[in-house]
Amino acid sequence: MNNTVVIGLIAFAAILAGAFAGAEVRERLPKHHLTDETKNLVSVSTAVVATVSALVLGLLISNANTSFTRLGGQVTALSAEILRLDRILRRYGADAEPARNMLLQYAEHKTVDLFPDDRADVRLNNPSTYELLQRLEDMLLALKPANPRDQWWLAQAMTLAAKIGETRWLLAQQIGQRTPKAFVALLVFWLALLFASFGLFAPRNFTSAITLTLCALAVAGAVAMFLELEQGLGGVVRISPEPMRQAVQTLEAEPSNQNAP
């Protein structure tokens with residue numbers, strides 16, 4: 001099972017346990033501990049916790065969505081750079097055909113690395129795929145421009161190859177850039193404490209139990225959602241693989257030795 005789903009279920013269990021623990025504590029407290037003054041104090045105190053929790057959860061979701069969008073943009077940029085490099089190599093001529101074939105191999109391997117059939121097998125930093133890119137760069141360096149036109153196209157190709165390598169490293173650096181687990185645990189504790197205060201003064205009936213359960217599920221879902229968005233690749237929610245797949249399909253469909261604008 002996906003780690004974020006497991007964390008979401010743990011958060012749901014902890015928050016719901018807090019709600020029912022509050023209801024259980026109410027049954028064991030003396031009556032003078034449940035006065036209106038005590039209820040007002042608990043309400044004011046938990047309002048502070050609720051405000052902090054809402055602000056933190058909203059900020060985490062916003063940051064995770066930004067990270068998710070940025071990762072999707074990097075993948076789209078990678079696919080565009082691959083397509084543009086292929087066009088430039090076609091303009092260069094027949095001497096660049098081996099480099100075009102190597103570019104296709106790189107695009108195929110990179111697509112499999114980022115979007116495997118088994119989402120647990122995502123490899124942002126696959127040495128064998130990077131070796132294909134290095135071999136492509138070596139092939140470009142081995143080309144001998146016959147005129148200023150070819151020299152210009154080769155310079156553009158080298159620049160794009162460098163950009164592809166840079167984007168590769170940007171994707172690889174996504175590993176480990178997530179919210180610390182200790183902070184997630186602290187957020188879940190705040191939410192469990194908040195729901196415990198709800199259960200402390202909630203009436204003991206079926207409607208109250210269902211309401212608390214659904215609210216706990218909704219809040220735990222928000223926790224799991226920002227963790228999913230932070231992951232970006234390999235989770236239940238992931239960026240679209242279509243840009244890379246379309247790039248591979250375009251490279252496979254393009255005939256050799258055909259000039260393109």
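Predicted model only: the values in this text are computed from it and were never measured.

Caption draft 1: Region of interest: the pattern of salt bridges. Tallying each qualifying case throughout the model produces four salt bridges. The residue R87 makes a salt bridge to D86 at a minimum N-O spacing of 3.7 Å. Through salt bridges that share partners, D86, R87, E97 and R100 make up one connected network.

Caption draft 2: Just helix α1 (residues 3-28), in detail. Relative to the 38 Å expected for 26 residues at 1.5 Å per residue, α1 spans 37 Å between its end C-alpha atoms, a close match to the ideal helical length. Regarding α1, the residues found buried are T4, G8, A11, I15, L16, G18, A19, G22 and A23. For α1, the secondary structure elements touched by its buried residues are α6 (181-201) and α7 (206-231).

Caption draft 3: Local environment of the environment of E254. Note on placement: E254 falls in the segment after α8 (242-253). On the basis of relative accessible area, E254 is assigned to the partly exposed category, the value being 21%. Through-space distance from the C-alpha of E254 to that of V5 is 42 Å; in sequence the pair is 249 residues apart. Apart from the residues within four sequence positions on either side, E254 is in contact with D86, R87, R90 and R100.

Caption draft 4: Representation of the environment of F201 within the structure. If you trace the backbone, F201 turns up in helix α6. When the C-alpha atoms of F201 and V42 are compared, they prove to be 9.6 Å apart, with 159 residues separating the residues in sequence. Excluding anything up to four places from it in sequence, F201 contacts R26, L34, T38, K39 and V42.

Caption draft 5: Inspection of the packing of helix α2 (residues 36-92) against helix α5 (residues 148-172) at higher detail. The N-to-C vectors of α2 and α5 enclose an angle of 160 degrees; their axes lie 9 Å apart at closest approach. In terms of orientation, α2 and α5 fall into the roughly antiparallel class. Two packed elements cross with a definite hand, and for α2 against α5 that hand is left-handed. Of the residues contributing to the contact of α2 with α5, the split by class is 16 nonpolar, three polar and six charged.

Caption draft 6: Fine view of the nonpolar core. Counting 59 residues, the largest nonpolar core has I82, L85, L140, L187 and F226 as its most contacted members. Secondary-structure elements contributing two or more residues to this core are α1, α2, α3 (97-114), α4 (127-142), α5, α6, α7 and α8. When near neighbours in sequence (up to four residues on either side) are disregarded, L187 contacts S53, V56, L57, L60, V223 and F226.

Caption draft 7: Quick look at the side chain of N126. With respect to the element layout, N126 can be found in the loop between α3 and α4. Engagement of the side chain of N126 in a polar contact is seen with the side chain of D113, the distance being 3.0 Å. Aside from chain neighbours lying at most four places away, what touches N126 is D113 and R168.

Caption draft 8: Representation of the packing of aromatic side chains. In this structure the tally under the stated criterion is three aromatic pairs. Their ring planes at 70 degrees and their centres at 5.5 Å tell us that Y130 and W169 sit as a pair that is edge-to-face. Taken together, the residues span a long stretch of sequence, with Y130 in helix α4 and W169 in helix α5 at a distance of 39 residues. Its relative accessible area of 38% is what places W169 among the partly exposed residues. Measuring from ring centre to ring centre gives 5.0 Å for W152 and W153, while their planes differ by 75 degrees; the resulting arrangement is edge-to-face.

Caption draft 9: Inspection of the confidence of the model for the protein chain at higher detail. Looking at the protein chain, the pLDDT average stands at 87 and 95% of residues meet or exceed 70. Within the protein chain, the element-level pLDDT minimum falls on α1, averaging 88, and the maximum on α3, averaging 93.

Thresholds, definitions, all that
Residues numbered from 1 in each chain as written. Predicted model: local features only at pLDDT ≥ 70, side-chain atom pairs only at ≥ 80, totals over all residues. Heavy atoms only, no water. Salt bridge = Lys/Arg side-chain N within 4 Å of Asp/Glu carboxyl O. Helix = DSSP H or I, 4+ residues; strand = E, 2+ residues; numbered from the N terminus. Expected span 1.5 Å × (residues − 1). Buried < 20%, exposed > 50% of the residue type's maximum accessible area, 1.4 Å probe, protein only. Contact = heavy atoms within 4.5 Å. Axes fitted to C-alpha atoms, helices over the stretch in contact; angles between N-to-C directions. Parallel < 35°, antiparallel > 145°, perpendicular 65-115°, else oblique. Left-handed = near helix turned anticlockwise from the far one by under 90°. Nonpolar A, V, L, I, M, F, W, Y, C, P; charged D, E, K, R; others polar. Core = buried A, V, L, I, M, F, W, Y, C linked by side-chain atoms within 4.5 Å. Polar contact = N/O pair within 3.5 Å; in protein donor to acceptor, adjacent residues only side chain to side chain. Phe/Tyr/Trp six-rings, centres within 6.5 Å; stacked < 30°, edge-to-face > 60°. pLDDT = per-residue confidence, 0-100.

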